[in-house]
Amino acid sequence: MAFGRLERTTGPQPMSDINMTPLIDVMLVLLVIFMITAPLMTSALKLDLPKAEGAQPSDAPQSISLSLDAQGQMFVGDEKVDEPTLRARVAQAARLNPMTEVQLRADRSVPYGRVAELIGLVQSGGLNRIGFVAQPAKP
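S.K.: Please give an account of the sheet that holds strand E5 (residues 101-106) that cites residues and values.
M.R.: Strands sit in the order E4-E3-E2-E5-E6 across an open sheet of five strands; the sheet is mixed. Because the sheet does not close on itself, it has two edges, and the strands there are strand E4 (79-81) and strand E6 (129-132). When the angles between neighbouring strand axes are averaged without regard to direction, this sheet yields 30 degrees. Pairing geometry for strand E3 (residues 74-76) and E4, over three bridges, is antiparallel. When the bridges of E4 are listed, Phe 75 appears paired with Lys 80. The strands that helix H2 (residues 83-96) touches are strand E2 (63-68), E3 and E4; relative to E4, the one it contacts most, it runs at about 110 degrees.

S.K.: Explain the nonpolar core to me, using residue names and the numbers behind them.
M.R.: Here is a general trend for soluble globular proteins: nonpolar side chains tend to be buried in one another's company. Among the nonpolar cores identified, the biggest contains 20 residues, and Leu 66, Leu 68, Leu 86, Val 115, Leu 118 and Leu 127 are the most heavily contacted of them. Mapped onto this core, the elements with two or more residues apiece are E2, E3, H2, E5 and helix H3 (112-124). For this core, the element with the most residues is H3, which contributes five residues. When sequence neighbours within four positions are dropped, the list of residues in contact with Leu 66 reads Phe 75, Val 76, Leu 86, Val 102, Gln 103, Leu 104, Arg 105, Leu 118 and Val 122.

S.K.: Provide a residue-level description of H2, including the pertinent values.
M.R.: Along an α-helix, a turn takes 3.6 residues, which lines up residues three or four apart on a common side. The end-to-end C-alpha separation of H2 is 20 Å, in line with the 20 Å expected for 14 residues at 1.5 Å each. Within the span of H2, buried status applies to Leu 86, Val 90, Ala 93 and Ala 94. Down the axis of H2, the sector holding all buried residues measures 100 degrees, keeping them to one side. Residues of H2 that are exposed and point more than 90 degrees away from the buried face comprise Pro 84, Arg 95 and Leu 96. Along its buried surface, H2 packs onto E2, E3, E4 and H3.

S.K.: I'd like a rundown of the pattern of salt bridges, residues and numbers included.
M.R.: Where side chains of opposite charge bring their charged atoms close, a pairing between them can arise. Inspection of every chain in the model, using the stated rule, returns four salt bridges. Salt-bridge contacts for Arg 87 lead to Glu 83; the nearest nitrogen and oxygen are separated by 3.1 Å. One end of the pair, Arg 87, and the other, Glu 83, are both in helix H2, four residues apart, so they sit about a helical turn from each other. Of the residues examined, Arg 87 reaches a relative accessible area of 40% and is grouped as partly exposed. Of the charged contacts, one joins Glu 101 and Arg 129 as a salt bridge, the two residues approaching to 3.7 Å between their closest N and O atoms. Taken together, the positions of Glu 101 in strand E5 and Arg 129 in strand E6 put the pair 28 residues apart, joining distant regions of the chain. Judged by relative accessible area, Glu 101 falls into the buried class, the value being 10%. Assessed through its relative accessible area of 35%, Arg 129 is described here as partly exposed.

About the criteria used
Residues numbered from 1 in each chain as written. Predicted model: local features only at pLDDT ≥ 70, side-chain atom pairs only at ≥ 80, totals over all residues. Heavy atoms only, no water. Pairing = 2+ DSSP bridges. Helix = DSSP H or I, 4+ residues; strand = E, 2+ residues; numbered from the N terminus. Axes fitted to C-alpha atoms, helices over the stretch in contact; angles between N-to-C directions. Contact = heavy atoms within 4.5 Å. Core = buried A, V, L, I, M, F, W, Y, C linked by side-chain atoms within 4.5 Å. Buried < 20%, exposed > 50% of the residue type's maximum accessible area, 1.4 Å probe, protein only. Expected span 1.5 Å × (residues − 1). Arc of directions from axis to C-beta. Salt bridge = Lys/Arg side-chain N within 4 Å of Asp/Glu carboxyl O.

In structure tokens:
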């Protein structure tokens, strides 16, 4: 025999509102992470790239970023390198994959002769796919 009341009372109603606080917290954390990492994704090397109408980003699967600053110093990515080191890196990249593209960024004040020397150095190392990086021209 069960003891209890005969009257039926309804229990508490289920909460039908979604708690937005955890969602907002996660969104704000992601926003802060992207705000901090976005500037790091761009190159720290400041170059005055020439402007061209047909400048389109390349989607080469493997590439080496090679830069020449206004003083004529060479950089692979953001690391300053000298000519023998560059030759060794280009030769190593050519051994691993001869279809590796070299993305050349040269400051607009660098003489054409210096750029031509760098192209010759890269081609003598075994890489022939060279892309010139420029800023898109503003309409």
